Amino acid sequence: QLLCHYKRSMLSSTIQIMPHSSLLSLLWLCSQYLVIIESKAWYGSAFVCSGRNICFEDQFHCNDGYPCYLDCNGANSCQHAVVTCPANSSCVINCRGGYDACKNMIFLARHSSSLSITCDVAEDEACDEQILYCPDTERADDDDDDAPTTTITGITPINLKSYMKIFAVQGLNDVQISGNYLMNAELY
């Protein structure tokens with residue numbers, strides 16, 4: 001994906017120097033500031049993404065059978081990332097430290113034992129537009145453990161503005177959401 005980044009002052013002054021610039025000239029000018037953002041695939045059990053756009057559009061593949069931890073710390077640090085959570089183990093995601101830290105993320109946790117997402121309560125759209133596929137591990141009839149397999153904490157009108165789609169095959173009793181705003185959480 002190519003993004004055109006430019007400094008407004010530089011672009012404005014260049015356009016003033018060339019008042020009759022054509023569309024082609026403007027495209028050439030923009031191309032001088034192109035930045036290529038490559039998505040990467042990561043494998044392991046602990047991932048730390050600190051900084052702006054550091055893990056933008058990346059894919060995280062957690063090792064099956066081992067707890068997995070992803071810390072997204074910074075503006076857009078994990079935006080548009082996809083996390084394949086581990087089979088038969090826990091998956092813990094921390095979204096903090098900047099606007100859009102975990103915006104547009106997809107969590108694939110159907111075969112995990114649990115999924116936990118913590119959203120920074122003060123960061124703009126930190127957990128907005130996420131899609132969660134919750135663990136669908138069936139419990140034995142004699143299982144006294146009624147704890148939810150999916151926990152989402154810190155939801156506010158600041159960090160969840162559009163939607164969060166939550167797919168819970170085992171039912172909505174298997175999902176615990178805490179915070180002071182649940183209007184845009186869509187449960188399926």
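Quick caveat, the model's predicted, so the values are computed rather than measured.

Calculation notes
- Residues numbered from 1 in each chain as written.
- Predicted model: local features only at pLDDT ≥ 70, side-chain atom pairs only at ≥ 80, totals over all residues.
- Heavy atoms only, no water.
- Helix = DSSP H or I, 4+ residues; strand = E, 2+ residues; numbered from the N terminus.
- Buried < 20%, exposed > 50% of the residue type's maximum accessible area, 1.4 Å probe, protein only.
- Contact = heavy atoms within 4.5 Å.
- Pairing = 2+ DSSP bridges.
- Axes fitted to C-alpha atoms, helices over the stretch in contact; angles between N-to-C directions.
- Phe/Tyr/Trp six-rings, centres within 6.5 Å; stacked < 30°, edge-to-face > 60°.
- Lys NZ or Arg CZ within 6 Å of the ring centre and 35° of its normal.
- Polar contact = N/O pair within 3.5 Å; in protein donor to acceptor, adjacent residues only side chain to side chain.

Colleague: Requested: an account of the overall build of the chain, with residues and values cited.
Modeller: Broken down by element type, the chain carries 2 helices and 15 strands. Taken over 188 residues, the chain has a buried fraction of 38%. When contacts within the chain are restricted to residue pairs at least 6 apart in sequence, those whose partners lie at least 24 apart make up 54%.

Colleague: Please set out the sheet that holds strand E6 (residues 68–73) residue by residue, giving values where relevant.
Modeller: The strands that make up a sheet pair up through hydrogen bonds in the backbone, lying either parallel or antiparallel. Strands sit in the order E4-E6-E8-E10-E12-E14 across an open sheet of 6 strands; the sheet is parallel. Looking along the sheet, the strands with just one partner apiece sit at the ends: strand E4 (46–50) and strand E14 (175–179). Ignoring strand direction, the axes of neighbouring strands in this sheet form an average angle of 5°. With 6 bridges connecting them, strand E8 (residues 90–96) and strand E10 (residues 114–119) associate as parallel partners.

Colleague: How would you sum up the pairing of E10? Please name residues and give values.
Modeller: Successive residues of a regular strand alternate their side chains across the two faces of the sheet. In E10, alternate side chains face the same way, and those of Leu115, Ile117 and Cys119 are buried while those of Ser114, Ser116 and Thr118 on the opposite face are not. In this sheet, strand E12 (residues 150–155) lies alongside E10 in parallel orientation, the contact comprising 4 bridges. Following the sheet pairing, Leu115 is matched in E12 by Thr150.

Colleague: With reference to specific residues and values, describe the packing of aromatic side chains.
Modeller: Per the stated rule, a full pass over the model turns up 3 aromatic pairs. Seen from their ring centres, Tyr133 and Phe167 are 4.9 Å apart, and the 10° between their planes marks the pair as stacked. With Tyr133 in strand E11 (residues 130–133) and Phe167 in strand E13 (residues 164–167), this residue pair connects regions lying 34 residues apart in the sequence. Judged by relative accessible area, which is 30%, Tyr133 ranks as partly exposed. A relative accessible area of 27% places Phe167 in the partly exposed class. Each residue in the set Tyr133, Phe167 and Tyr188 is aromatic and connected to the rest through ring pairs, giving one cluster. A cation over an aromatic ring shows up here: Lys165 above the ring of Tyr163, its NZ or CZ 5.2 Å from the ring centre.

Colleague: If you had to explain the side chain of Lys103 to someone new, which residues and values would you point to?
Modeller: Structurally, the position occupied by Lys103 is in the loop between E8 and strand E9 (106–108). Here Lys103 falls in the buried class, since its relative accessible area comes to 13%. Reaching out from Lys103, the side chain makes a polar contact with the side chain of Glu125 at a distance of 2.4 Å. Look past the residues within four positions of Lys103 in its chain and what remains in contact with it is Cys78, Gln79, His80, Glu125, Ala126, Asp128 and Glu129.

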